[in-house]
Each structure stands twice: as C-alpha cells, then as structure tokens.
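Report on the structure
Read off the chains here:
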Amino acid sequence: MSPTPQQRRAARHGAGPSTSATRRGPSGGRKKPITVDAIIDTAFGIVEREGYAALTMRRVATALETGPSSLYAHVVNKEDLDELLIGRLCAEIELPEPDPAHWRRQITDVCTRLRDQYLRYPGISQAAFAAAPSHLDTLRVGEGMLAILLAGGIAPQAAAWAIDSLMLYVNAYSLEVSLANSRVDRDAEPGADTGELPGEGSDVAPGAAPVTAPGVDGWVVGRDELLRRFAALPDTFPQTKRYAAELTAGTVHDRFDFTIGLMIDGLGASGR
C-alpha cells in the first residue's frame, strides 16, 4: 500500500507538518519561516482574491517570496495542497450528536455548512473532485454524516452511497455558483459589493447569475432575460413557455435546499 500524503510529507521533513524550513538567500533571515500553516493561509488568500484557477505551487511560492522547492519540504505536490485546503475547511464544520428524531435536519445542516465553507473561496470545491481523502478532518465530516444517517435508520450500504452523492452535489453546486459569480464579477463595476454570500438573496434562474448584476452576458443571465427568451420560443416548446415562471423561480439556495431535501426524502423512503 502506498503511503498517504501525510506520511510522505512527514517523511520528507521528519518532524511533522508544522516544522519550519530555513529560508535561503540574502533575505532568508528577515522573513517568517515557511510552515504548512503558512502555505495553507497563503493559498487560501490567493483563492479568495483570484479564484481557485489561479492557485499553483509556483504562485504560492511567489506570494511567500521563496522558490517552489521550499514548499516541497512541507507539501508533497498540488494534490496534497488541495487536500490540506479541504481539510482546513472541514475542520471548521461543527458536527451534531446524531439524533434519530432529527436526522434529516442534521444531515441537511452539515451539507449547508460544507457548502458555505466552499463558497467562501471561489472554486475551491474543485479540489475535492476525483480525490480519495486521507486528511483526518475531511474524513471526520464523512464519519459524522455516516453516523447521522445510521442513527436515522438508513441501511449501511444506502448510507455509504448517500454520503458520496450528497458530497458530490454540494461540490458541484458550490463550483457552479462560484463560476457564475466570477462571470458576473468580470462585468461588474470595480468595487461593487452586495454584502451577501455568493448565491444568497439573489433571484436567479437555473444556471443564471443574480438579476441585479450589471453587464451580464453569455449564458449567465438574469430571470427577466430568461423569461423573455422563453416567451420568444416557438410553439414546439409548449411546456417551457407555459411554466417559464416556475422554471425561473427561486434563489440558488432555494434550489440547493430543494435538491438536498429531495435526496434525503428519497433516502428515507427507500434506504431502510
């Protein structure tokens, strides 16, 4: 069995992820030492300002005023950094004591907290795709979700697959909202800020950006524009034209709540 990233990271610098590296060069003695926490904090800062697509090991090294080789004393590779980032976000999620009487609300709350963590950093949920987590804080969230579902009487196999499905939806939802908001931000006036969490309090259509966003183009369009487009469709789209209001109703978070509820209700009906 191949070693986990944590084992490889620890083996590389001997004393665990908190060990600091000695900087080289003329400014080495005047800067803060490089640690795993410093790398993670810097990476989050890059994602928060520029989006996940901008995050590379070289970009982190530049922000820390060092070379990429200094980072590899602490982080094995970009995939390892991704897992450290997701682990940090998961560490901040509070898990409830499983309650058989309230398992539906509890599992919904965990999914919502995970979503909100991802939405703090544009596109960060992409780091959780196609990955087999070994970070203990990430695994802790899966353990907590499994305990909640089992307490609710869900069969072990159904509970195991449900966790995978729920996490996949949360990841994909968060990524789409981040992508939509980044497109809006590109066209918005500099410094514009609604003070709301991305996707919160906005009247949006499927895959659309907030209708209040100025300068929207491409596929990111507001509800009024979608209603106009639906109304202009030929009569070969009778249902879309008739139910355009329903198709474009609600905020993105309304749709999130609906989908999570749909999945959980189906699990409660067939997963016992």
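Residues numbered from 1 in each chain as written. Predicted model: local features only at pLDDT ≥ 70, side-chain atom pairs only at ≥ 80, totals over all residues. Heavy atoms only, no water.

The predicted model of the protein has a mean per-residue pLDDT of 82, with 75% of residues at 70 or higher. Note on residues 12-18: pLDDT under 50 across the span, and twelve contacts to partners over four residues away in sequence or across chains. Taken as a whole, residues 192-219 scores under 50 in pLDDT and shows 62 contacts with residues more than four places along the chain or in a different chain. (pLDDT = per-residue confidence, 0-100. Contact = heavy atoms within 4.5 Å.)

What follows deals with the environment of Val75. Among the structural elements, Val75 can be located in the loop between helix H4 (68-71) and helix H5 (78-91). C-alpha separation for the pair Val75 and Ile39, spaced 36 residues apart in sequence, amounts to 8.5 Å. (Helix = DSSP H or I, 4+ residues; strand = E, 2+ residues; numbered from the N terminus.)

This next bit is on the packing of aromatic side chains. Counted by the stated rule, this structure contains four aromatic pairs. The interplanar angle of 40 degrees and the centroid separation of 6.1 Å between the aromatic rings of Tyr169 and Tyr173 together place this pair among those described as tilted. Of the two residues, Tyr169 and Tyr173 both sit in helix H8 (residues 156-187), four residues apart, roughly one turn of that helix. Like Tyr173, Tyr169 is buried. Among the aromatic residues, those joined into a cluster by ring pairs are Tyr169, Tyr173 and Phe256. Above the plane of the ring of Phe256 lies Arg115, whose end atom (NZ or CZ) is 4.6 Å from the centre. (Phe/Tyr/Trp six-rings, centres within 6.5 Å; stacked < 30°, edge-to-face > 60°. Buried < 20%, exposed > 50% of the residue type's maximum accessible area, 1.4 Å probe, protein only. Lys NZ or Arg CZ within 6 Å of the ring centre and 35° of its normal.)

With that settled, consider unusual backbone geometry. Although it is not a glycine, Glu65 sits at a positive phi angle of roughly 55 degrees. Note that Glu65 resides in the loop between helix H3 (57-63) and H4. Classification of Glu65 by relative accessible area gives exposed; the value is 55%. Despite not being glycine, Ala130 shows a phi value in the positive range, around 50 degrees.

One turn of the α-helix equals 3.6 residues, which is why residues spaced by three or four share an orientation. With 19 residues, helix H12 (residues 252-270) should reach 27 Å at 1.5 Å per residue; the first-to-last C-alpha distance of 27 Å fits that figure. Regarding H12, the residues found buried are Val252, His253, Phe256, Ile260, Ile264, Leu267 and Gly268. Buried residues of H12 fall within an arc of 145 degrees about the axis and therefore sit on the same side. Away from the buried face of H12 by more than 90 degrees, exposed residues Phe258, Leu262, Ala269 and Ser270 are located. (Expected span 1.5 Å × (residues − 1). Arc of directions from axis to C-beta.)

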